[in-house]
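The chain contents come next:
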Amino acid sequence: SETVIKCKAAVAWEPNKPVTIEEIEVAPPEADEVRIKIVATSVCHTDLYHLFEGMHKDGFPVVLGHEAAGIVESVGSGVTEFQPGDKVIPLFLAQCRDCRFCKSPKTNQCEKAWSHRADAMSPLRSRLTCKGKKVYQFSGISTFSEYTVVKQINVTKIDPAAPLDKVCLLGCGICTGYGAAVNTAKVDEGSTCAVFGLGAIGLAAVMGCKNAGAKRIIAVDINPDKFEKAKVFGATDFVNPKDHDKPISQVLFEMTNGGVDYSLECVGNVGVMRSALESTIPAWGVSVIVGWTTLHDFSAPPGDLIAGRTWKGTMFGGFKSKDGVPEMVNAYMNKKLMVDEFITDNMTFDQINDAIEMMKHGKWYIFTILSHPPSMS
């Protein structure tokens, strides 16, 4: 459709301030773009990082949100893969299927992805305006809005029977943690694993280790309240670094007869990254960095790697986005993946600032789903 849509969105005008619900204009989709009606979205820590920690001045005003599910409203010219009415999940990570990265099984990166404004966390292109000003689209998508426009390489079609207010979580955190274990670490049957940080991504990593057949999964966090939840996802042991006067890597070393086979850092803290590496067995340990930070560099002595350890990172859990997300939706529909267990609150879109506050104050290991009330139109 050629019409501009006026709708509600949560606009962050400047860093470190509450977002405000505004009427915005959403332009029609141009060539190779899709306009989507967002049905449900969730608040992820990356949105908060941009608003309260990264605070990059070139990244505002912006509509945040990158974890959502919705229905295609209209498509631009050249779009053959989608039609109005399709149930979809927007993807912050592109998959064009044509570039040398997409054609290689070695990576889930895509050369057509926007990346030149990584600090600002949004491309210059935007189809959103508010009060006459261009408003950036966070990570190229912006889901804290009733409608958004996304490139077709950043959308995937899912099972029409899938409940959108659940599977919206598969657009980011669950795939990231789960894939870090199964795709990046390649956890195998009978192995011993340690997961550092029991936020949503850490809990998903625990679930990945369990589904891959790990026999022992040690959950590490300084908040013991999170241990009950981790048990639900498959953790077998719990260690609170605050209960010990020796380094956590030494504690794990002693618990496991020389170190774990796999460790996953799901915090985004360079000190924890080193601890996670040094918790693995020197002969063949694999440690994966899942948590994100730009504040410090990591470091470790070369001797940590010489005997045979591997230290690697992961983005979006190593899933090629367009292919991986529908597969994960199917796994959920076939009861092979837990998703509902990540959700603690359901709110309406108008309560977005409450959701952000709750997450800011330590509740961010669980998701709040924001749903749009059915519109009157």
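Under an unreviewed UniProt entry, the name given to the protein chain is Enoyl reductase (ER) domain-containing protein, and the organism recorded is Sphaeramia orbicularis. Annotation of the protein chain in UniProt includes, under Sequence similarities (unreviewed entry), the sentence "Belongs to the zinc-containing alcohol dehydrogenase family." As recorded by UniProt, the Cofactor (unreviewed entry) comment attached to the protein chain reads in full: "Zn(2+)".

(A) Representation of the overall build of the protein chain in the model. The secondary structure content of the protein chain amounts to 10 helices and 18 strands. For a compact globule of 377 residues, the expected C-alpha radius of gyration is about 21 Å, and the protein chain comes in at 21 Å, within 12% of that figure. If you line up the protein chain on its principal axes, its C-alpha atoms span 65 × 40 × 35 Å. Buried residues in the protein chain amount to 56% of all 377 residues. Put simply, of all contacts in the protein chain between residues at least 6 apart along the chain, 69% involve residues at least 24 apart. Surface exposure of the protein chain reaches about 16,000 Å², of which carbon and sulfur atoms provide 53%. Here the protein chain carries 39 positive and 43 negative side-chain charges, and the mean point of each set is 3 Å from the other.

(B) Quick look at the pairing of strand β8 (residues 133-137). Pairing between strand β4 (residues 62-63) and β8: two bridges, direction parallel. Paired with V62 across the strands is Y136, a residue of β8. One ladder, built from three bridges, connects strand β7 (residues 128-130) with β8; its direction is antiparallel. Along β8, the bridge assignment pairs L128 with V135. What sits between the antiparallel neighbours β7 and β8 is a turn of two residues, in which K131 has the positive phi angle 50°.

(C) Region of the structure containing the side chain of T148. With respect to the helices, strands and loops of the structure, T148 is situated in strand β9 (residues 147-151). One polar contact links the side chain of T148 to the main-chain carbonyl oxygen of S142, over a distance of 3.2 Å. Apart from the residues lying within four places of it in its own chain, the contact partners of T148 are V26, V34, R35, I36, I38, Q137, I141 and S142.

(D) Just the packing of helix α3 (residues 173-185) against helix α4 (residues 200-211), in detail. Put simply, α3 and α4 touch, their axes get as near as 7 Å, and they point 40° apart. Comparing the axis directions of α3 and α4 gives the class oblique. You can see that α3 and α4 cross each other, and the crossing is right-handed. Here α3 contributes G173, I174, T176, G177, Y178, A181 and V182 to the contact with α4, which in turn contributes I201, A204, A205, M207, G208, C209 and N211. For the contact of α3 with α4, the class distribution of residues is nine nonpolar, five polar and no charged.

(E) Just the pattern of salt bridges, in detail. Overall, the coordinates contain 19 salt bridges when judged by the stated rule. Here K8 makes a salt bridge to D350, at a shortest N to O gap of 3.2 Å. One end of the pair, K8, is in strand β1 (residues 5-12); the other, D350, is in the loop between β17 (343-348) and α10 (352-363), with 342 residues separating them in the sequence. A relative accessible area of 48% places D350 in the partly exposed class. The closest approach of N and O atoms between R125 and E33, which form a salt bridge, is 3.1 Å. Taken together, the positions of R125 in the loop between β6 (87-90) and β7 and E33 in strand β3 (residues 33-42) put the pair 92 residues apart, joining distant regions of the chain. The burial state of R125 is the same as that of E33; both residues are buried.

(F) Focus on the packing of aromatic side chains. Under the defined criterion, the tally for this structure stands at four aromatic pairs. Residues F92 and F316 carry aromatic rings whose centres are separated by 5.4 Å and whose planes lie at 85° to one another, so their mutual orientation is edge-to-face. With a gap of 224 residues between them, F92 in the loop between β6 and β7 and F316 in the loop between β16 (310-313) and α9 (321-333) connect regions that are remote in the sequence. For F316, a relative accessible area of 2% translates into the label buried.

Rules behind the numbers
Residues numbered from 1 in each chain as written. Predicted model: local features only at pLDDT ≥ 70, side-chain atom pairs only at ≥ 80, totals over all residues. Heavy atoms only, no water. UniProt positions renumbered as here; feature names shortened; annotations may be inferred. Helix = DSSP H or I, 4+ residues; strand = E, 2+ residues; numbered from the N terminus. Rg over C-alpha atoms; globule rule 2.2 N^0.38 Å. Buried < 20%, exposed > 50% of the residue type's maximum accessible area, 1.4 Å probe, protein only. Contact = heavy atoms within 4.5 Å. Areas by Shrake-Rupley, 256 points an atom, 1.4 Å probe, with all protein chains shown as cover. Lys, Arg positive; Asp, Glu negative; His and termini not counted. Charge placed at Lys NZ, Arg CZ, Asp CG, Glu CD. Pairing = 2+ DSSP bridges. Polar contact = N/O pair within 3.5 Å; in protein donor to acceptor, adjacent residues only side chain to side chain. Axes fitted to C-alpha atoms, helices over the stretch in contact; angles between N-to-C directions. Parallel < 35°, antiparallel > 145°, perpendicular 65-115°, else oblique. Left-handed = near helix turned anticlockwise from the far one by under 90°. Nonpolar A, V, L, I, M, F, W, Y, C, P; charged D, E, K, R; others polar. Salt bridge = Lys/Arg side-chain N within 4 Å of Asp/Glu carboxyl O. Phe/Tyr/Trp six-rings, centres within 6.5 Å; stacked < 30°, edge-to-face > 60°.

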